[in-house]
Structure formats: structure tokens, C-alpha cells
Amino acid sequence: MSDALSDDGGDVNQDDTQEDVMTPVELIAKLEEAWLNEKFSPELLENKSEVVECVMEQLSHMEANLQRVKKGDAKASIHRMEIDRIRFVLSSYLRSRLQKIEKFFPHVLEREKSRGEGDPSLLSPEEFAFAKEYYANTETYLKAVALKRMPPNLQAVDMLKAVPEPGLDSFVFLRVKERQENILLEPETDDQREYVVDLEEGSQHLMRYRTIAPLVSSGAVQLI
């Protein structure tokens, strides 16, 4: 992957929030990390719109460079496979997010509404518009198909109660990127007590998502 990307030139992609210069290889690694976290997390995670925009720009550079490669050059097929692979990861990441928005739309909008002023946005502007439109369309459909035929006292529906919340108590596999100490684990049975564990860098675990959700957000662990 590194050879295919580094041949494209452009290694000056800047993250607006961290102001760090990333090489194309580092950029794609960030996309893959966001993709796996989103794929295996039971809840919608913070959007990575800066990474998505940089990857799309990088793909444009790679496509332009590919046009300059002579036909029949073996290098062209390698670059084409790499472009297709990155497009697949990017599409899968965005599709996973849209599926979660559709599945948990009232809870997603509620989280976005209640976040603090300095907290990162859960949704990109496009995702926020999609979630609001999906909410409105769902309400309209329910009223047209079912609610208007019910007694007046049953025509109101609370979407937050009607739509299930994400299963934060489900278990996920993870790999530790940064050593963590004194992680509190809740008991699995009534005869157990709470206890703490240390997570060593590079180790892999199966743990309740709710326990390690802050570590996923901070980048200390990677879902696998």
C-alpha cells in the first residue's frame, strides 16, 4: 500500500483540528481505523469528515496520476486495485454510518441536540440534514398509514421510546493501542463484584462496549 500511495506525490494533507501534516499512508490508516471502529461499534461514533474529505482529494490525485501511466504498464493495475480498495473502505464507512442513522435516528438527533458547546459534532452537516429528513418522513408515514386511524388519545408517538436504543452493553473485540490502567469492569453475574484491570499495549480483549466506549473515542483502543 505504501508504494502505491507514495508514488502519487501529494503527501501534504492537513487535519484542520490537529494541524498535523499526514502522509497518504497515514491518511488511509486513519480512514481504516475509523471504518473498523464504526463497523464494530453498536452506536454511531463522532464523524470524521476531515478524514473523508482528505481521502476523496487523495483519490482524485491518484486518479489523475493514473491517467498519465502508459497503457500496459503493470504499475497501472496495481494503482487501480489500490484506488478501488480505498473507495470500498470509504463507501463502507459512510454506508455504516447511514445505516446507524436510519436505525437509531431519534437517539442520534437527541445526542446531537444535547451535546456541549465544545464537544465534537456527532454528525456531518449532510448527515444531520439526512437524519432530520428521515425523522420527518417517518413521522409523516406513520401518521398517514396508522396513527390517523387510531383513537385521538393514541395518535401521538414518542420516537425516543418507539425506536430501540443502541446496545451499548454488547461485547466487542478490541486491540489496545495505548496502555490503560485501572479500567473498571462491571460484574457479569450477581455473585461477582466490580474489579479493575490494566490493558497492556498490543493486547486484545473481548469486553463490554459501554466500558471501553471513551477509549474508542480517544483512540486508545481499536475495535477489531
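Predicted model, so just to flag it, every value in this text is computed and none were measured. (Residues numbered from 1 in each chain as written. Predicted model: local features only at pLDDT ≥ 70, side-chain atom pairs only at ≥ 80, totals over all residues. Heavy atoms only, no water.)

Let's talk about the packing of helix α3 (residues 49-67) against helix α4 (residues 74-103)
So, point 1. Following both chains from N to C, one finds α3 and α4 inclined at 160 degrees, their axes separated by 11 Å at the closest point. The orientation of α3 with respect to α4, classified from their angle, is roughly antiparallel. At the point where α3 passes α4, the crossing takes the left-handed sense. Where α3 approaches α4, its residues Val52, Val55, Met56, Leu59, Met62, Glu63 and Leu66 are matched on the opposing element by Ala76, His79, Arg80, Glu82, Ile83, Ile86, Arg87, Leu90, Tyr93 and Leu94.
So, point 2. In terms of residue class, the contact of α3 with α4 is made up of 12 nonpolar, 1 polar and 4 charged. (Axes fitted to C-alpha atoms, helices over the stretch in contact; angles between N-to-C directions. Helix = DSSP H or I, 4+ residues; strand = E, 2+ residues; numbered from the N terminus. Parallel < 35°, antiparallel > 145°, perpendicular 65-115°, else oblique. Left-handed = near helix turned anticlockwise from the far one by under 90°. Contact = heavy atoms within 4.5 Å. Nonpolar A, V, L, I, M, F, W, Y, C, P; charged D, E, K, R; others polar.)

Some remarks on the confidence of the model for the protein
So, point 1. Chain-level statistics for the protein give a pLDDT mean of 87 and a share of 89% at 70 or above.
So, point 2. Scored below 50 in pLDDT, residues 1-19 shows 41 contacts in the model against residues more than four places distant or in partner chains. (pLDDT = per-residue confidence, 0-100.)

Remarks on the layout of surface pockets
So, point 1. In this structure, the second largest pocket encloses a volume near 240 Å³.
So, point 2. Around the second largest pocket sit 14 residues that line it, and Ser49, Val52, Leu94, Ser124 and Glu126 are the ones nearest its centre.
So, point 3. Elements represented by at least two residues in the lining of the second largest pocket include exactly α3, α4 and α6 (125-145).
So, point 4. When grouped by side-chain class, the residues that make up the lining of the second largest pocket number 6 nonpolar, 3 polar and 5 charged. (1 Å grid on protein atoms, 1.4 Å probe; cavity = no way out; pocket = protein on both sides within 12 Å on 5 of 7 lines; lining within 4 Å. Points joined across faces, edges and corners; volume = space filled by probe spheres on them.)

A few points about the pattern of salt bridges
So, point 1. In total, this model carries 16 salt bridges according to the counting rule given.
So, point 2. The residue Arg87 makes a salt bridge to Glu63 at a minimum N-O spacing of 3.2 Å. Of the two residues, Arg87 sits in helix α4 while Glu63 sits in helix α3, which places them 24 residues apart along the sequence.
So, point 3. Residue Arg87 is classed as partly exposed on the basis of its relative accessible area, which comes to 38%.
So, point 4. With a relative accessible area of 18%, Glu63 lands in the buried category.
So, point 5. Three or more residues joined by partner-sharing salt bridges are found here, namely Glu38, Arg97, Lys100 and Glu127. (Salt bridge = Lys/Arg side-chain N within 4 Å of Asp/Glu carboxyl O. Buried < 20%, exposed > 50% of the residue type's maximum accessible area, 1.4 Å probe, protein only.)

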